[in-house]
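# Summary of the model geometry
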Amino acid sequence: MAYGKFAEVVLDIPLNKKFHYNIPPSFVNQVEIGKRVKVPFGRRTVVGYCVGLTNISDVKTLKDIIHVIDTTPILSSKMLGVAEWMANFYFCGLGEALESFLPSVVKKGIKSRTINVIRLCKDGISVKEMISTIKKRAPIQARALEALAEVGEITFPELANISKCKMDSVNRLRDRGFITLDKVEVSDPLFAGKHFKKTVHFSSTEEQEVAIRLIKRKVRERKHSVVLLKGVTGSGKTEVYLQAISEVITLGMKAIVLVPEISLTPQTIERFKSRFDRVAVLHSSLTERQRSDQWWDIKNGNADVVVGARSAIFAPLEDVGLIVIDEEHENTFKQDTSPRYNARDVSVVRAAYENAVVVLGSATPSLESFYNTEIGKYECVTLKNRVGHKPLPRVEVIDMRREIFGGKGQKPISDYLELSMKECLSKKEQVLLLLNRRGFSPFISCRRCGFVLKCKRCDISLTYHKKKEAVICHYCFAEEPVPRECPDCCSPGIRFTGFGTERMEELIRARFPQYNLLRMDSDTMRGRDSHEKALSAFRRGDIDILLGTQMIAKGLDFPNVTLVGVLSADTIVNLPDFRASEKTFQLLCQVAGRTGRSAKGGKVIVQTYNPEHYSITYAATHDYDGFAKKELEYRKQLYYPPYGRLARVVLRGKKDLDVKEKASNIAEKLMNAIKLSDGSLLAGLRKDKVGVLGPAPAPIVRVKDNYRWHLIVKADSFKNLHTILKSIENENRNSKKVQMMIDVDPYMLL
Ligand SMILES: [Zn+2]
Ligand SMILES: [Zn+2]
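Residues numbered from 1 in each chain as written. Chains lettered and ligands numbered in written order. Predicted model: local features only at pLDDT ≥ 70, side-chain atom pairs only at ≥ 80, totals over all residues. Heavy atoms only, no water.

Moving on to the sheet that holds strand E21 (residues 463–465). Read from one edge to the other, the open sheet built from three strands follows the order E21-E22-E23, with strand pairing classed as antiparallel. Both outer strands of the open sheet, E21 and strand E23 (479–481), are each paired with one neighbouring strand and no more. Adjacent strand axes in the sheet meet at a mean angle of 35°, parallel and antiparallel pairs treated alike. (Pairing = 2+ DSSP bridges. Helix = DSSP H or I, 4+ residues; strand = E, 2+ residues; numbered from the N terminus. Axes fitted to C-alpha atoms, helices over the stretch in contact; angles between N-to-C directions.)

Here you go:
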């Protein structure tokens, strides 16, 4: 029932604005806050969300709502609150934020698919008679009847497959009164045919017990709070989550668990399914029907626990008591298209609306979360030891500057790593090798003139992919044939340098021909469950050496892996990104954690050209606190997060000059918001705490034929950052000439 003459409607546009629409008398009983409506906008009809009702509007001629889509509100008032926060915090449209709350399959609705089921409706004797009568005249119908006689009931595609009959034969049999034909709705249940063996609480270690008790107490208090669960790899964080969730369910509440997409494996899901009865899963690899079914199951109150990737933070659960973010430091929780939200931060806001507890789990927490425990905003509980008191693996750092072939350049594999691999493999143990760069050769140049082959549309070196016989841009995915001669000087001396996983695979196969190697990267793992199949093969021991990009660094627990080799620790550390050290440290700790999981122990070998870099030395000693302290000092000096707050504004367009001009124009507006008329700076801040860096060409200047300039806005708090950004809030972000993107709390500065 609409209490108000007009509806406030938001649309999927990058503008935080509510539009007023007139509610025609026929819709008065239907329009409600939280429902979707169809409205005219410009010359189009669009779907919007009703977020408010009012009696007052200063718009003279209001248009009518055309249609009300939902019979009951699809969004709760709490979720509307979360969306408001997102729109204000990330400078996106409220409608844009709401759009990301509903899976696209729910938005478009899914039509039920039906299938023909054929049933025999005569007794066996008369069917036999019939078959012999028609055998000669209608052999296909006879064949179909024979097949049916065996099973009694079958779907048309199956029958067609067995008896090679067509639909017209089936229709004839029906006309003769031998069969019935019914349309039955097809379902595609997610856990069909799967049996989950129930598990009970594992006996927990003393450290786990402390963590569980703390979280349970917080859940019972029903007060919004955040707990950082800082536990080394293999310390049993999942068991802590499971026991905390069990308490939540006992209290009649519900829980959301977010894990990085790549860790959302059948094993992970099984751990939750085997402990709890009503688990829903939201995952991009589900079929559309499954995704839709899972979402509606949650919406209809049929799930106690939702396990999913980033967008599962918007799961339509009521009465949430606990939100768990596993591997909270992962950058996959940050969405890189609008709305550019971080699910970890959204979870804290959602929990505030629900009076719920957030548990952030990680072996290598983000500096932001760690800092929040330092200043007492979050509580911290630590698991220092692995379950069963297995020691963390020994890490050895190899200085690759010393590993040089006699005058022939750099070696990709050090003697020590090669020797260790031999030793490990001869004992029938397994090796994990990390190389965070795919393709064959990441660098293609001319021997004569030094010309470097770059993408024609992006400012990025092309990577040679041998199997595809192509050079590929890893940014825009453009593919080109491999040049036979230098595009610049026409000399035939093209050189392929550097190692990607494809080339490394060739090299290792040649050196270890008697062992099975599997390469795991986004080129080899394209199929829906190729990832899962590869891991099962490795688990069974069919694979001796697993070589892969960072997709092998997470969550895998294989007791027979006794050696982890990091072929190049330097792929991230040199990126122009203030989080480069943090990301390097995290990746090294994560991959090191894949070994030493059994009594056989484990060893990690890290190859690097920066052996003195603190992200590597602290990772080698598993010293998170040491690393965090050092990194925080550096961030404080430069006033980067978590001390200062950043936003990035990127402008892009076809003409460099237009983009540059717009960037200066935006910079001026932002500066005007910082420099007040009396000459002082916003909020009385000093110059090192607030300002605009740039405009400058983005580190990757050109992407897909678009020139890119960027600006970094820095302030002491999100509040002041938002005040500054307000000055460009109403700029047209989708202009044809130059597009603008605002990223608050950015994760990528390229
Ligand atoms: Zn490109
Ligand atoms: Zn050349």
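Structure's up, so let's keep going.
Time to look at the pattern of salt bridges. Throughout the structure, instances matching the rule amount to 48 salt bridges. Among the salt bridges present, the one from Asp-743 reaches Lys-334, with a minimum N-O distance of 2.9 Å. A residue pair is termed long-range when its members are at least 10 positions apart, and Asp-743 in strand E32 (residues 738–744) and Lys-334 in the loop between strand E13 (320–326) and helix H12 (343–354) qualify at 409 residues. Here Asp-743 falls in the buried class, since its relative accessible area comes to 7%. What makes Lys-334 buried here is its relative accessible area of 7%. Linking Glu-729 and Lys-726 is a salt bridge whose minimum nitrogen-to-oxygen distance equals 3.5 Å. (Salt bridge = Lys/Arg side-chain N within 4 Å of Asp/Glu carboxyl O. Buried < 20%, exposed > 50% of the residue type's maximum accessible area, 1.4 Å probe, protein only.)

Moving on: the pairing of strand E3 (residues 36–41). Each regular strand shows side chains that alternate between the opposite faces of the sheet. In this structure, E3 lies alongside strand E4 (residues 44–54), joined through six bridges in antiparallel fashion. Note on E4: the bridge partner recorded for Arg-36 is Tyr-49. In this antiparallel pair of consecutive strands, E3 and E4, the connection spans two residues, and Gly-42 shows a positive phi of 60°. Note that E3 and strand E5 (residues 67–68) share two bridges and pair antiparallel.

Turning our eyes to something else, we now look at the packing of helix H5 (residues 139–151) against helix H6 (residues 156–163). Two elements in contact, H5 and H6, have axes separated by 9 Å at closest approach and are oriented at 115°. Remark: the crossing between H5 and H6 carries right-handed chirality. The segment H5 lies against H6, with Arg-143, Ala-144, Ala-147 and Leu-148 engaging Leu-159, Ile-162 and Ser-163. (Left-handed = near helix turned anticlockwise from the far one by under 90°. Contact = heavy atoms within 4.5 Å.)

This part covers the packing of aromatic side chains. The tally for this structure, following the rule as stated, stands at 18 aromatic pairs. For the ring pair Phe-19 and Phe-41, a centre distance of 5.2 Å and an interplane angle of 70° mean the geometry is edge-to-face. Taken together, the positions of Phe-19 in strand E2 (residues 19–22) and Phe-41 in strand E3 put the pair 22 residues apart, joining distant regions of the chain. Taking the relative accessible area as the measure of exposure, Phe-19 reaches 17% and is therefore buried. Plain terms: the ring middles of Trp-85 and Phe-89 are 4.7 Å apart, the flat faces sit at 20° to each other, and that makes the pair stacked. Residue Trp-85 and its partner Phe-89 are both found in helix H1 (residues 77–90); the two are separated by four residues, about one turn of the helix. For Trp-85, a relative accessible area of 24% corresponds to the partly exposed category. (Phe/Tyr/Trp six-rings, centres within 6.5 Å; stacked < 30°, edge-to-face > 60°.)

Every protein donor of the zinc ion (ligand 2) is accounted for by Cys-446 (SG), Cys-449 (SG), Cys-486 (SG) and Cys-489 (SG), and the metal-donor separations fall at 2.3 to 2.4 Å. Of note is the zinc ion (ligand 2), whose four donor atoms meet at the metal with angles of 107 to 114° in an arrangement that counts as tetrahedral. Read in sequence order, the donor residues coordinating the zinc ion (ligand 2) give the pattern C-x2-C-x36-C-x2-C. Of the residues examined, Cys-489 reaches a relative accessible area of 23% and is grouped as partly exposed. (Donors = N, O, S within 2.8 Å, 3.2 Å for Na, K, Ca; no water. Tetrahedral: all angles 85-135°; square planar, octahedral: opposite > 155°, others 65-115°.)

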